[in-house]
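Descriptive analysis of the structure
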Amino acid sequence: MDEDSRIADVSEVPDDSTLLFTVRDGFDEREAILTETDEGDVTAFENYCQHWTDVRLDKGSGATKRDGELVCGKHGALFEDDSGCCTYGPCEGAVLQEVDVAVEDGAVYLTDDDYDFVEVGSSKEYDLSSNRSLGFD
Ligand code: FES
């Protein structure tokens, strides 16, 4: 597995919340989240609700999870942590955008051809508290 695509140790992926990371899709950065299911699988989705797709599920400190479902804090939509399917809320039936990952030797790797791994944590587009550039350099 390519070290450049290594996201985190499996032990760092919470089962009661999410681990936020940033990927690059062409010139755009996108955020994604990792979580562990009750079955011990690690799943990943883009970090955007399917109701209002500019609303992030994980705002930097972990998304809320309840009974194996990710909770959108805006209007309370629930998404299954294994399938990403919305089971309740204004976008019921919609599905979170899945991101392909794989586990090898205790680490989680990004394996999705659509994205390049950038870093663990927020996209700099949301990181207004830092001194980093917002993309104008
Ligand atoms: S924006 Fe997520 S439920 Fe409305």
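Above: the structure in question.
So, here's what we can say about the structure. (Residues numbered from 1 in each chain as written. Predicted model: local features only at pLDDT ≥ 70, side-chain atom pairs only at ≥ 80, totals over all residues. Heavy atoms only, no water.)

1. Overview of a negative patch on the surface
Taken together, the side chains of Asp 25, Asp 28, Glu 98, Asp 100, Asp 113, Asp 114, Asp 116 and Glu 125 make up a negatively charged region of the molecular surface. Following the sequence through the fold, Asp 113 ends up in the loop between β10 (107-110) and β11 (116-120). Classification of Asp 113 as exposed rests on a relative accessible area of 80%. (Patch = residues over 30% accessible without salt bridge, like charges linked within 9 Å, V, L, I, M, F, W, Y side chains within 5 Å. Areas by Shrake-Rupley, 256 points an atom, 1.4 Å probe, with all protein chains shown as cover. Salt bridge = Lys/Arg side-chain N within 4 Å of Asp/Glu carboxyl O. Lys, Arg positive; Asp, Glu negative; His and termini not counted. Charge placed at Lys NZ, Arg CZ, Asp CG, Glu CD. Helix = DSSP H or I, 4+ residues; strand = E, 2+ residues; numbered from the N terminus. Buried < 20%, exposed > 50% of the residue type's maximum accessible area, 1.4 Å probe, protein only.)

2. A word on the pattern of salt bridges
Per the counting criterion, the structure on display carries five salt bridges. Residue Glu 46 is joined to Arg 30 by a salt bridge in which the shortest nitrogen-to-oxygen separation is 2.5 Å. Here Glu 46, found in strand β4 (residues 42-46), pairs with Arg 30, found in strand β3 (residues 28-36); they are 16 residues apart in sequence, far enough to count as distant. Of the residues examined, Glu 46 reaches a relative accessible area of 7% and is grouped as buried. In this structure, the salt-bridge partner of Arg 56 is Glu 31, at a minimum N-O distance of 2.9 Å. Residue Arg 56 is found in the loop between β4 and β5 (64-66), and its partner Glu 31 is found in strand β3; the two are separated by 25 residues along the sequence.

3. Describing the sheet that holds β10
To summarise the sheet geometry, strands pair through backbone hydrogen bonds and adopt either a parallel or an antiparallel arrangement. The strand order β1-β10-β9 describes an open sheet built from three strands, whose pairing is antiparallel. Of all the strands in the sheet, the pair left with one neighbour each is β1 (6-9) and β9 (101-104). Neighbour to neighbour, the strand axes of the sheet diverge by 25 degrees on average, direction disregarded. One ladder, built from three bridges, connects β1 with β10; its direction is antiparallel. The partner of Ala 8 across the bridge, within β10, is Val 108. (Pairing = 2+ DSSP bridges. Axes fitted to C-alpha atoms, helices over the stretch in contact; angles between N-to-C directions.)

4. Overview of unusual backbone geometry
Its identity as a non-glycine residue notwithstanding, Asp 67 has a phi of 50 degrees, on the positive side. The topology assignment puts Asp 67 in the loop between β5 and β6 (69-71). By relative accessible area, which is 76% here, Asp 67 ends up exposed. Positive phi, close to 50 degrees, is recorded for Asp 105, a residue that is not glycine. Among the structural elements, Asp 105 can be located in the loop between β9 and β10. Judged by relative accessible area, Asp 105 falls into the exposed class, the value being 77%.

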